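In case you want the letters, here they are:
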Amino acid sequence: MNLRPWYNLLLICLLFLANSCAQKPVFKKHKTVFKVGDQQEWATKNWNNQDWMTRKPFMEDGRVFWFRTPIDILKAPKTLHPYGIQLHVYGEYEVFWDGVLIGKNGNPGQEVILGPEGSLWTTHSIPTHLTQQGEHLLAIRASLYYFGNHAGIWEMDIDYYDDLLTDRLVETSYMHIFAGAFLIASIYFLFLFLGHKKEYATLIFSISCFLFFGLILAEFMKTYVPIHYSMHVTRLRVISFLMLSISFLIPFYFSMQFPFPKRKLLLIIYSVILLFFFLSRYVYELTANNMVFSMWLFSFGIVTFGVYKKMKGARLVMLTFLLLLPIAFLAPFNKSLFAGFSLILLGMFYLLSLRIKEQRLAYENSLVQSTRLRLELLKKNIQPHFLMNTLTSLIDWVEEAPDKGVLFIEALAKEFDLFNQIENKTLIPITQEIALCRSLLEIMEYRKEIDYTWEEKDIDVEQKIPPGILHTLLENGITHSLPLEDNSIRFKLIFESNNNYKCYTFLTFAIPVRLNANTKKEGTGLKYIKARLTESYQDKWELTSEPVNHGWKNTIKIYC
């Protein structure tokens with residue numbers, strides 16, 4: 001897979017991140033003081049607030065309170081480009097700058113009567129004559145009916161008003177383009193999983209991409225969706241749940257790619273740690289920090305084990321995790337969070353691409369193997385030795401008993417017709433395989449003038465089996481056995497099944513030719529059978545072949 005588009009998107013995100021971090025602030029904020037009550041004079045710049053509280057008040061009844069923050073403007077604005085102030089304040093409030101009302105958000109003091117109004121994030125323009133270089137005062141008249149312990153300014157920025165409006169939109173548009181890439185990846189790998197339902201790593205990667213897409217939307221929807229402060233905790237809980245899910249799925253994914261001892265126990269312990277952080281009553285940033293750090297530490301340990309065991313792709317993924325450290329220290333949390341998750345998902349995508357590449361190569365090898373097996377099947381049954389002996393026997397029968405010679409020819413034609421039907425198949429009905437065996441016994445009766453008998457027990461006609469494997473066991477039984485005293489050789493096929501496996505037992509009742517032969521040497525017949533079983537069932541099969549009192553016993557178990 002081509003990773004270039006993904007790395008280009010990540011580069012765009014990182015460049016934007018670096019650009020946003022490089023801007024120098026144009027203001028300096030001083031300590032905020034609070035006072036419960038409501039006097040319009042508290043908005044003036046020169047009001048004496050020496051007796052005001054420095055600790056945030058707890059407002060549980062929706063009463064009006066004020067807070068004042070001295071601010072130094074470090075650089076005067078350009079002509080015709082006024083400054084603006086962007087606020088993240090819990091509550092409904094009015095904003096005063098040097099005693100002048102510059103904005104209103106909701107109805108402070110009337111929340112119970114008029115209901116929730118306004119947004120948690122607001123941007124207000126400051127008159128140019130009030131933003132000259134020097135000391136100024138920001139006063140906010142507010143009420144906080146829903147979350148009484150959240151008083152104060154949580155985030156504040158002062159910059160050119162146009163930039164405050166456009167920068168957030170530009171940032172959001174970049175992040176939504178970035179989120180769209182992960183949404184497309186999520187849908188693509190979901191359909192990929194639906195085509196190969198046993199590839200659970202693909203499903204986990206798809207879910208992780210979708211959760212990351214949802215995390216970006218939940219974080220940046222504040223730009224275009226007005227969210228009242230009473231709904232902000234709900235939004236934070238959604239974000240925390242998304243982060244909890246991603247923080248669990250990422251190490252779980254790496255544990256599938258780099259298996260390690262006591263995997264289930266350690267994953268359970270890690271899950272308990274994450275749930276503890278998620279259910280704790282810490283502030284959102286601390287909870288998110290704890291979950292992200294736990295995710296990084298646990299995942300890094302798994303990848304380190306993969307590097308130690310020299311597993312494919314582990315070194316590059318470890319490099320990705322090491323790159324997260326400078327990002328975490330140099331960038332703000334909300335920006336480093338998304339850049340870090342993006343790098344981790346790219347590492348997961350790289351491992352998945354290696355897995356898909358291995359599957360493609362295995363599929364191509366299986367096609368080559370399948371073609372080779374078909375040729376081997378034909379070679380086994382149309383070899384010169386078989387044809388010469390059969391034709392010699394056919395000449396004798398035609399000369400001595402023409403009627404039986406015709407039957408011999410019909411049996412031989414039936415044998416080749418059956419082979420023509422199955423040569424391109426990976427699995428055939430068991431009834432077709434049995435018909436092939438019966439046809440061979442009919443031919444061999446004419447060739448060797450031995451009474452061959454075929455018996456069956458509990459055969460399920462709905463079952464399928466790789467072509468030629470019972471036929472090969474039958475050939476081995478004929479080749480390596482001598483007839484009993486009554487000039488007969490008997491073969492019996494028994495089928496049994498349960499919830500764990502299906503079993504074919506093939507018995508030969510005869511006198512073995514080489515009872516004490518070296519069984520460690522494997523003939524071409526058994527190699528053919530094992531190759532066919534591997535082609536159809538991978539490693540979910542077992543083949544045993546051993547001498548018994550009555551002759552020989554072969555057992556094929558196919559596990560469910």
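This write-up is about the structure you can find in this document. What you are looking at is a predicted structure, and each value in this text was computed from that prediction instead of being measured. (Residues numbered from 1 in each chain as written. Predicted model: local features only at pLDDT ≥ 70, side-chain atom pairs only at ≥ 80, totals over all residues. Heavy atoms only, no water.)

In the Ramachandran plot, D458 falls in the positive-phi region, its phi being about 60° despite a non-glycine side chain. Within the fold, D458 resides in the loop between strand 11 (451-457) and strand 12 (464-465). Residues other than glycine seldom take positive phi values, yet N487 does so here, at roughly 60°. Take N487: it is sitting in the loop between strand 13 (481-482) and strand 14 (488-497). (Helix = DSSP H or I, 4+ residues; strand = E, 2+ residues; numbered from the N terminus.)

Further remarks concern the packing of helix 3 (residues 161-195) against helix 4 (residues 200-220). Where helix 3 contacts helix 4, the two axes come as close as 8 Å, and the packing angle between them is 155°. Overall, the two elements helix 3 and helix 4 adopt an arrangement that is roughly antiparallel. As helix 3 packs across helix 4, the resulting crossing turns out to be left-handed. A class-by-class count of the residues in the contact of helix 3 with helix 4 yields 20 nonpolar, five polar and one charged. (Axes fitted to C-alpha atoms, helices over the stretch in contact; angles between N-to-C directions. Parallel < 35°, antiparallel > 145°, perpendicular 65-115°, else oblique. Left-handed = near helix turned anticlockwise from the far one by under 90°. Nonpolar A, V, L, I, M, F, W, Y, C, P; charged D, E, K, R; others polar.)

Across the sheet, three strands lie side by side as 7-4-9; this open sheet has antiparallel pairing. Every interior strand has two partners, whereas the edge strands, strand 7 (121-125) and strand 9 (153-160), have only one. Strand-to-strand twist of the sheet, defined as the mean angle between neighbouring strand axes without regard to direction, takes the value 20°. Of the pairings in the sheet, the one linking strand 4 (residues 83-89) to strand 9 comprises seven bridges and is antiparallel in character. Following the sheet pairing, H88 is matched in strand 9 by E155. Where helix 3 meets the sheet, its contacts fall on strand 4, strand 7 and strand 9, and the angle it forms with strand 9 comes to roughly 115°. (Pairing = 2+ DSSP bridges. Contact = heavy atoms within 4.5 Å.)

Turning our eyes to something else, we now look at the environment of G347. Locating G347 in the fold gives a position in helix 9 (residues 333-381). For the pair G347 and F321, spaced 26 residues apart in the sequence, the C-alpha separation amounts to 8.7 Å.

Position of S247 relative to the elements: it lies in helix 5 (residues 232-257). What makes S247 buried here is its relative accessible area of 0%. Within the structure, the side chain of S247 is placed 2.7 Å from the backbone oxygen of M243, a separation counted as a polar contact. (Buried < 20%, exposed > 50% of the residue type's maximum accessible area, 1.4 Å probe, protein only. Polar contact = N/O pair within 3.5 Å; in protein donor to acceptor, adjacent residues only side chain to side chain.)

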